[in-house]
Amino acid sequence: MVQESYKISPISLVYYRNKNKLSQLELADKANVCHRQYQRIEKSGKTTQQKAKSLAKALCITLDDLVLEKFESEWFVITPDGRKEINRSLSQFLIDIKEKANTGMSVYGNDLKSELYIENDSSVFKTITVRFPYDNIDYVWTFYPFSFTNETGLYCHKFTTLLEHIWDEFVKSLIADTSSSIFINGQSLIPLEEKVYFCVEFFKFDSKNSTGETHLGYQLFENHYQLACSFNSWLNDGGIRYFDGAITSIERGKIRIDYTMEDNSGLYSLIVSRVWLDDNGKKRQAPWPLYHRNILIESMNKQRCSKNTCYSHVAVAPMVRDFVRPSDDYHIPEMSPMVSSA
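The structure presented is a predicted model; accordingly, all values stated were derived computationally and were not measured. (Residues numbered from 1 in each chain as written. Predicted model: local features only at pLDDT ≥ 70, side-chain atom pairs only at ≥ 80, totals over all residues. Heavy atoms only, no water.)

A. Structural view of the pattern of salt bridges. The tally for this structure, following the rule as stated, stands at 10 salt bridges. In this structure, the salt-bridge partner of Arg83 is Glu85, at a minimum N-O distance of 2.0 Å. Among the charged side chains, a network of salt bridges with common partners joins Asp81, Arg83 and Glu85. (Salt bridge = Lys/Arg side-chain N within 4 Å of Asp/Glu carboxyl O.)

Below you can see the structure in the form of structure tokens.
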């Protein structure tokens, strides 16, 4: 018997998971839900009532605590053009801010570094500012949470713990997709002296592993051009038999590619992200604007559909021509896991 679809709030699910200090895998195991299935639930909020009950039990909350309506909030927002809007969700403003940042990039070129300023200090309001080097105009959104009752009417109030969590999730999405240069309360998200790389993680699907895959290692690339050239060569000469669907963005600020090899050695995947290395050499995820990710995705999808295209270090292949070449003698590394996960 097919179970009827049930809708819960992804925001409240993440909130209670973090409150219980559980990872996605730990909560999935505790609720007896497949890890990949849990990831889909947390992203979309779509599940069955039985699984929703299992998740609520694992989190020591009631089923009602996961219901969408319980965690919606009203927002009073002043937009860059001075309009005042009331909305129950931040999602539309997320789209507007990303569109503003990415429209500027598409007009002024791939190498443009838009700047995103996030002010979180106030407990009464928050601001998001998009700024470009080519003009002196700040595009500012100001956000106030508010409530309405018959006794008091409309009034703005301070951010509660839950509203701070909702705001944090909103900011995480902006950080991952909007700009490569981000400042939070006046501080650069990435230390200004740190170099940023592109990281390609290599995985092989493994049913015996609790996560469903084994990490084979990773490789770092210095810039978009080096990454695109290496992918271009890998697509043509790497023994790839076919891809499992189109190449798409997955988690915030990442690209995932599933594929099989011509020798039928198994199902593999690559996850590409932008990173910087902290003082201990640990990889930290860096922002990777959606506009730049989409250029790489579109180029790779074109390339995989026309694998007879000859690879050349000259920027003529579909993937390569979208990025600036640093110099004529620039070294292009082979795409392979240079650093072992062990």
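B. Expanded view of the packing of aromatic side chains. Throughout the structure, instances matching the rule amount to 10 aromatic pairs. Consider the rings of Phe93 and Phe143, whose centres lie 5.8 Å apart with planes at 90°: the pair is edge-to-face. With Phe93 in helix H5 (residues 91–108) and Phe143 in strand E7 (residues 139–149), the pair connects residues that are 50 residues apart, well separated along the chain. Accessibility assignment for this pair places Phe93 and Phe143 in one class, buried. A cation over a ring is seen here: Lys126 above Phe159, with NZ or CZ 4.6 Å from the ring centre. The ring centre of Tyr218 lies 3.9 Å from the NZ or CZ of Lys283, which sits over that ring. (Phe/Tyr/Trp six-rings, centres within 6.5 Å; stacked < 30°, edge-to-face > 60°. Helix = DSSP H or I, 4+ residues; strand = E, 2+ residues; numbered from the N terminus. Buried < 20%, exposed > 50% of the residue type's maximum accessible area, 1.4 Å probe, protein only. Lys NZ or Arg CZ within 6 Å of the ring centre and 35° of its normal.)

C. Inspection of the pairing of strand E6 (residues 126–131) at higher detail. Counting buried residues in E6 gives 5 out of 6 residues, a clear majority hidden from the surface. Here strand E5 (residues 115–119) pairs with E6 via 5 bridges, running antiparallel. The residue of E6 that forms the bridge with Tyr117 is Thr129. Hairpin connection between E5 and E6: a loop of 6 residues separates the two successive antiparallel strands. (Pairing = 2+ DSSP bridges.)

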